[in-house]
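Summary of structural features
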Amino acid sequence: MVIEVKDLTKAFELNGGRFKRSSRVIKAVDNVNFSICQGQTLGLVGESGCGKSTTGKLIVKLLTPTNGTVLFEGKDISHFKERELKVYRRNVQMIFQDSFSSLNPRMKVMNIIGEALDIHKLYATKTEKKEFIEKILNEVGLYRDHISRYPHEFSGGQRQRINIARALCLKPKLIVCDEAVSALDVSIQAQIMNLLNDIKEKYHLSYLFISHDLSVIKHMSDHVAVMYLGEIVEIASKKRLFENPLHPYTKALISVVPNPDPNSRRKKIKLKGEISQLGNNQGCSFANRCSYVMDKCRKTPPELKSVDEEHKVSCYLTQL
């Protein structure tokens, strides 16, 4: 097991305004549990604002959790001292959504990738460092002469390849891909996804692949976790989730995935109501948009329970 997340929670305080003393707490991530094995990809999917990116930042320790633990190879990362944290950051890397703002515009590719090598002292000479960077660039589909260029001289797809090279150069065990292809053209998306899969097989990497696009998640993932308002409402193997979704929210998401078959009879499920993290804090977070809502849904939140060995759902419909 590379990463295991237990009861992970992140709450933010919302101030009532400049002249108001009242404040409210919003849980961006609420009691989340999942694990990622070596060489596997967990897809984390949900609408914008559901807490996917916050979960990723908690795992790479860019944010500190309000409650819960993140275990790396069985060790709680909250107890890591400076030396242990340095090793952890080498083993767990992140690829961000915006390929331009995540790169320093004043640094050349040589320095962008080489900075991590300097911090972790992974080379003996400057020549060895340059040769290593050129090798990494070649593996992500870039050329040797790109080493002396600045980020603005590249296309969006090429900049994302630089981000991948920067993460890969430390030889990590887990990479958190935070909407790594969503800002790219469709044809470039396919190239980057294929590149990530090739790298995964070659280096036996694990991914937490965050996306709002179920088509991308289906192509990239071994297991899929569906998040709604900070909670995991369903988690299963990719095959089980797409063939037999059980949570009403998952069914709605899958129903609107574009289908190339013109004769398909699949009906789109339209969700009514509004998303509100400041609404019902007592019952199920999906209750005000669910067509199957029952009285107990509004009173007591359902637990994430196993339907079988590969499938967990947080819904009373599966527990009847």
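As a starting point, this report considers the structure included with it. (Residues numbered from 1 in each chain as written. Predicted model: local features only at pLDDT ≥ 70, side-chain atom pairs only at ≥ 80, totals over all residues. Heavy atoms only, no water.)

1. Considering the overall build of the protein chain
The cut-off we apply is this: A run of DSSP states H or I qualifies as a helix once it reaches four residues; a run of E qualifies as a strand once it reaches two. Both are numbered from the N-terminal end. We call two residues in contact whenever any of their non-hydrogen atoms come within 4.5 Å of each other. Accessibility throughout is a Shrake-Rupley quantity obtained with a 1.4 Å probe, and a residue counts as covered only by protein chains that appear here. Positive residues here are Lys and Arg, negative ones are Asp and Glu, while His and the chain termini are left out of the count. To locate a charge, take atom NZ for lysine, CZ for arginine, CG for aspartate or CD for glutamate.
From N to C terminus, the protein chain includes 10 helices and 12 strands. Considering only C-alpha atoms, the protein chain reaches an extent of 70 × 55 × 45 Å along its principal axes. The long-range share in the protein chain, meaning contacts at least 24 apart out of those at least 6 apart in sequence, stands at 64%. A total accessible area of about 17,500 Å² is found for the protein chain, and carbon and sulfur atoms account for 47% of it. Charged side chains of the protein chain number 49 positive and 35 negative; the gap between the two group centres comes to 4 Å.

2. Brief notes about the nonpolar core
Short version of the rule: Each nonpolar core is a collection of buried residues, namely Ala, Val, Leu, Ile, Met, Phe, Trp, Tyr and Cys, held together in the definition by side-chain atoms within 4.5 Å. Whether a residue is buried, partly exposed or exposed follows from its accessible area with a 1.4 Å probe, protein chains only, as a fraction of its type maximum: under 20%, in between, or over 50%, in that order.
Ranked by size, the top nonpolar core spans 58 residues in total, and within it Ile-95, Leu-137, Ile-164, Leu-196, Ile-199 and Phe-209 carry the most contacts. Ignoring sequence-local partners within four residues, the contact set of Ile-199 consists of Val-140, Ile-164, Leu-168, His-204, Leu-205 and Tyr-207. Within the second largest apolar cluster, 29 residues are counted, among which are Leu-58, Val-60, Val-176 and Ile-232.

3. With respect to the packing of helix α3 (residues 109–120) against helix α5 (residues 156–168)
To keep things clear, this is the line we draw: Between N-to-C directions, angles span 0 to 180 degrees; the directions come from axes that are lines fitted to C-alpha atoms, helices contributing only their stretch in contact. The cut-offs work like this: below 35 degrees is roughly parallel, past 145 is roughly antiparallel, 65 to 115 is roughly perpendicular, and the gaps in between are oblique. In this scheme, a crossing is called left-handed if the near helix is turned counterclockwise away from the far one by less than a right angle; it is called right-handed if the turn is clockwise.
Between α3 and α5, whose axes approach to 8 Å, the crossing angle comes to 25°. Considered as vectors, α3 and α5 are oriented roughly parallel to each other. Along this stretch, α3 crosses α5, giving a crossing that reads as right-handed. Along its contact with α3, which presents Val-109, Ile-112 and Ile-113, the element α5 presents Ile-162, Ala-165 and Arg-166.

4. A word on a positive patch on the surface
Threshold: Surface patches are drawn from residues lacking salt bridges whose relative accessible area is over 30%; two like charges belong together within 9 Å, two nonpolar side chains (Val, Leu, Ile, Met, Phe, Trp, Tyr) within 5 Å. Each reported salt bridge corresponds to a side-chain nitrogen of Lys or Arg within 4 Å of a carboxyl oxygen of Asp or Glu.
Where like charges cluster on the molecular surface, the positive patch consists of Lys-218, Arg-266, Lys-268 and Lys-270. Residue placement: Lys-270 occurs in the loop between α9 (248–255) and α10 (295–299). According to the relative accessible area criterion, Lys-270 is exposed, its value standing at 75%.

5. Looking at the side chain of Arg-161
For Arg-161, the position within the fold is in helix α5. For Arg-161, which is buried and forms no salt bridge, the nearest opposite charge comes from Asp-198, at a distance of 8.6 Å. Other than its neighbours up to four places away in sequence, Arg-161 contacts Val-140, Gly-141, Leu-142, Gln-191, Ile-192 and Leu-195.

6. What to know about the side chain of Ser-314
For clarity, the threshold we go by: Each polar contact in these results corresponds to two N or O atoms within 3.5 Å; when the atoms are within protein, one needs to be able to donate a hydrogen and the other to accept it, and residues that are neighboring in sequence are counted only if both atoms are side-chain atoms.
Here Ser-314 shows up in the segment after β12 (311–313). Judged by relative accessible area, which is 7%, Ser-314 ranks as buried. Only 3.1 Å separates the side chain of Ser-314 from the backbone oxygen of Pro-302, close enough to count as a polar contact. Apart from residues lying up to four places away in sequence, Ser-314 is in contact with Ile-232, Val-233, His-247, Pro-302, Glu-303 and Leu-304.

7. Some words on unusual backbone geometry
In this model, Glu-179 sits at a positive phi of 50°, which is unusual for a non-glycine residue. Tracing the backbone through its elements, the reader meets Glu-179 in the loop between β7 (174–178) and α6 (186–203). For Leu-229, which is not a glycine, the phi torsion comes out positive at approximately 50°. Residue position: Leu-229 is located in the loop between β9 (223–228) and β10 (231–237). Given a relative accessible area of 11%, Leu-229 falls into the buried group.

8. Comments concerning the pairing of strand β3 (residues 41–45)
Which entries qualify depends on this criterion: Any two strands are treated as partners once DSSP identifies two or more bridges connecting them.
Counting buried residues in β3 gives 5 out of 5 residues, a clear majority hidden from the surface. Going residue by residue along β3, you find Thr-41, Gly-43 and Val-45 tucked away on one face and Leu-42 and Leu-44 tucked away on the opposite face as well. Both β3 and strand β8 (residues 206–211) contribute to a ladder of 5 bridges, which runs parallel. Bridge assignment links Leu-42 to a residue of β8, and that residue is Leu-208. When β3 meets β9, the two strands line up parallel, connected through 4 bridges. The residue bridging Val-45 from the neighbouring strand is Val-226, located in β9.

9. Focus: the packing of α5 against α6
Going by this rule: Each residue is assigned to one of three groups, with Ala, Val, Leu, Ile, Met, Phe, Trp, Tyr, Cys and Pro labelled nonpolar, Asp, Glu, Lys and Arg labelled charged, and all others, Gly among them, labelled polar.
With their axes 10 Å apart at the nearest point, α5 and α6 run at an angle of 15° to one another. Accordingly, the angle class assigned to the pair α5 and α6 is roughly parallel. Taken as a pair, α5 and α6 cross one another with a handedness that is right-handed. Listed contacts from α6 to Gly-157, Arg-161, Ile-164 and Leu-168 of α5 are Ile-188, Gln-191, Ile-192, Leu-195, Leu-196, Ile-199 and Tyr-203. Of the residues assigned to the contact of α5 with α6, the class counts are 8 nonpolar, 2 polar and 1 charged.

10. Looking at the packing of aromatic side chains
Put simply, the rule reads: Only the six-membered ring of Trp is used, alongside the rings of Phe and Tyr, when aromatic pairs are assigned; centres must lie within 6.5 Å, and planes under 30 degrees apart are stacked while those over 60 apart are edge-to-face, with the rest tilted.
Counted according to the given criterion, the structure contains 5 aromatic pairs. Between the aromatic rings of Tyr-228 and Phe-286, the centroid separation amounts to 5.1 Å while the plane-to-plane angle is 90°, which identifies the pairing as edge-to-face. One end of the pair, Tyr-228, is in strand β9; the other, Phe-286, is in the loop between α9 and α10, with 58 residues separating them in the sequence. Residue class for Phe-286 comes out buried when judged on its relative accessible area of 2%.

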